[in-house]
Amino acid sequence: EPEVTQTPSHQVTQMGQEVILRCVPISNHLYFYWYRQILGQKVEFLVSFYNNEISEKSEIFDDQFSVERPDGSNFTLKIRSTKLEDSAMYFCASSKRHGEETQYFGPGTRLLVL
Amino acid sequence: AQTVTQSQPEMSVQEAETVTLSCTYDTSESDYYLFWYKQPPSRQMILVIRQEAYKQQNATENRFSVNFQKAAKSFSLKISDSQLGDAAMYFCAYERGNTPLVFGKGTRLSVIA
């Protein structure tokens, strides 16, 4: 069964460093999402992406964040200068269509900023 | 803005028994989708069940079923014949066309052998 994959599974970085989190969505899906979950808290939406551009973003998704689909399979989230409060689990999700199709989640990347 | 409320931070159930997790939501829309996701200790988000608001029939997936009360804006999850592997965080989520998923804070379910 097709699934969303994410790499790395864990990342430790120093405050101020740039990190890139990678996702490979399900191949015939067209909508891609990033969510994050700070430990012990609920899952929060960051950004959605369709047709090579951002379709919606939350207040959390400030200028430190960017997303890209550099090729036909990968979908990346970049954090330019990490802060301690960026430590969280980051989930990628994909769906065939927006709003009417189930979003399938990847296993997540656990980011720890020291 | 839509909100999702899970009023039970923690629940426990004996193995083989039935447990119901509660979820309420707030929306002014008539067409939307509701989900239950399971998050085991590995922290992966696993879809458990989905309900379309326009369908009156409650969704069922094997041991998992929902009680969808549209007028009351309630969407509870019933787990029958609970198994040790059901122990996890369960998140209720809402989605309307052209909006991202909105999650509740979750309910931690423990299964007692």
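These figures come from a predicted structure and were not determined experimentally.

Q: If you had to explain the layout of surface pockets to someone new, which residues and values would you point to?
A: Empty space within the largest pocket amounts to approximately 340 Å³. Lining of the largest pocket is provided by 13 residues; of these, Glu1, Pro2, Glu3, Tyr104 and Phe105 of chain A occupy positions nearest its centre. Every element with two or more residues in the lining of the largest pocket is listed here: β10 (104-105) of chain A together with β6 (46-52) of chain B. Per-class residue counts for the lining of the largest pocket are 9 nonpolar, 2 polar and 2 charged.

Q: Break down the sheet that holds strand β1 (residues 5-7) of chain A for me, with residues and values.
A: All names here are of chain A. As summarised here, the arrangement of the 4 strands in space is β1-β3-β8-β7, forming an open sheet in which the pairing is antiparallel. Two strands bound the open sheet, and with one partner strand each, they are β1 and β7 (65-68). Adjacent strand axes in the sheet meet at a mean angle of 20°, parallel and antiparallel pairs treated alike. Of the pairings in the sheet, the one linking strand β3 (residues 19-24) to strand β8 (residues 75-79) comprises 5 bridges and is antiparallel in character. In the strand pairing of β8, Val19 is matched with Ile79.

Q: Which residues make up the interface of chain A and chain B, and what values go with them?
A: Listed per partner, the contact involves 21 residues of chain A and 21 residues of chain B. Buried area between chain A and chain B, both sides added, is near 1900 Å², and the carbon and sulfur share of it is 54%. Viewed at the interface, chain B and chain A are joined by 6 residue pairs in polar contact (both at pLDDT 80 or more). Counting residues per element, the ones that place at least two in the side of chain A that touches chain B are β4 (31-37), β9 (88-95) and β10 of chain A. Taken together, the residues that form the side of chain A that touches chain B break down as 10 nonpolar, 6 polar and 5 charged.

Q: I'd like a description of the packing of aromatic side chains, backed by residues and values.
A: This structure, assessed with the given rule, holds 20 aromatic pairs over all chains. Measuring from ring centre to ring centre gives 4.2 Å for Tyr31 of chain A and Tyr50 of chain A, while their planes differ by 10°; the resulting arrangement is stacked. With Tyr31 of chain A in strand β4 and Tyr50 of chain A in strand β5 (residues 44-50), this pair connects stretches of sequence that are 19 residues apart. Owing to a relative accessible area of 15%, Tyr31 of chain A belongs among the buried residues under this scheme. With relative accessibility at 32%, the residue Tyr50 of chain A sits in the partly exposed group. Their ring planes at 75° and their centres at 6.1 Å tell us that Phe105 of chain A and Phe103 of chain B sit as a pair that is edge-to-face.

Q: Requested: an account of the state of the cysteines, with residues and values cited.
A: Residues and elements named next belong to chain A. Applying the stated criterion across every chain, the model contains 2 disulfides over all chains. In this model, Cys23 is linked to Cys92 through a disulfide, with the two sulfur atoms separated by 1.9 Å. Taking the sign of the torsion about the S-S bond as the criterion, the disulfide between Cys23 and Cys92, at about -65°, is left-handed. One end of the pair, Cys23, is in strand β3; the other, Cys92, is in strand β9, with 69 residues separating them in the sequence. With a relative accessible area of 1%, Cys23 lands in the buried category. A relative accessible area of 0% means that Cys92 is categorised as buried.

Cut-offs used in this document
Residues numbered from 1 in each chain as written. Chains lettered and ligands numbered in written order. Predicted model: local features only at pLDDT ≥ 70, side-chain atom pairs only at ≥ 80, totals over all residues. Heavy atoms only, no water. 1 Å grid on protein atoms, 1.4 Å probe; cavity = no way out; pocket = protein on both sides within 12 Å on 5 of 7 lines; lining within 4 Å. Points joined across faces, edges and corners; volume = space filled by probe spheres on them. Helix = DSSP H or I, 4+ residues; strand = E, 2+ residues; numbered from the N terminus. Nonpolar A, V, L, I, M, F, W, Y, C, P; charged D, E, K, R; others polar. Pairing = 2+ DSSP bridges. Axes fitted to C-alpha atoms, helices over the stretch in contact; angles between N-to-C directions. Contact = heavy atoms within 4.5 Å. Buried area = accessible area lost by both parts, 1.4 Å probe. Polar contact = N/O pair within 3.5 Å; in protein donor to acceptor, adjacent residues only side chain to side chain. Phe/Tyr/Trp six-rings, centres within 6.5 Å; stacked < 30°, edge-to-face > 60°. Buried < 20%, exposed > 50% of the residue type's maximum accessible area, 1.4 Å probe, protein only. Disulfide = S-S within 2.5 Å.

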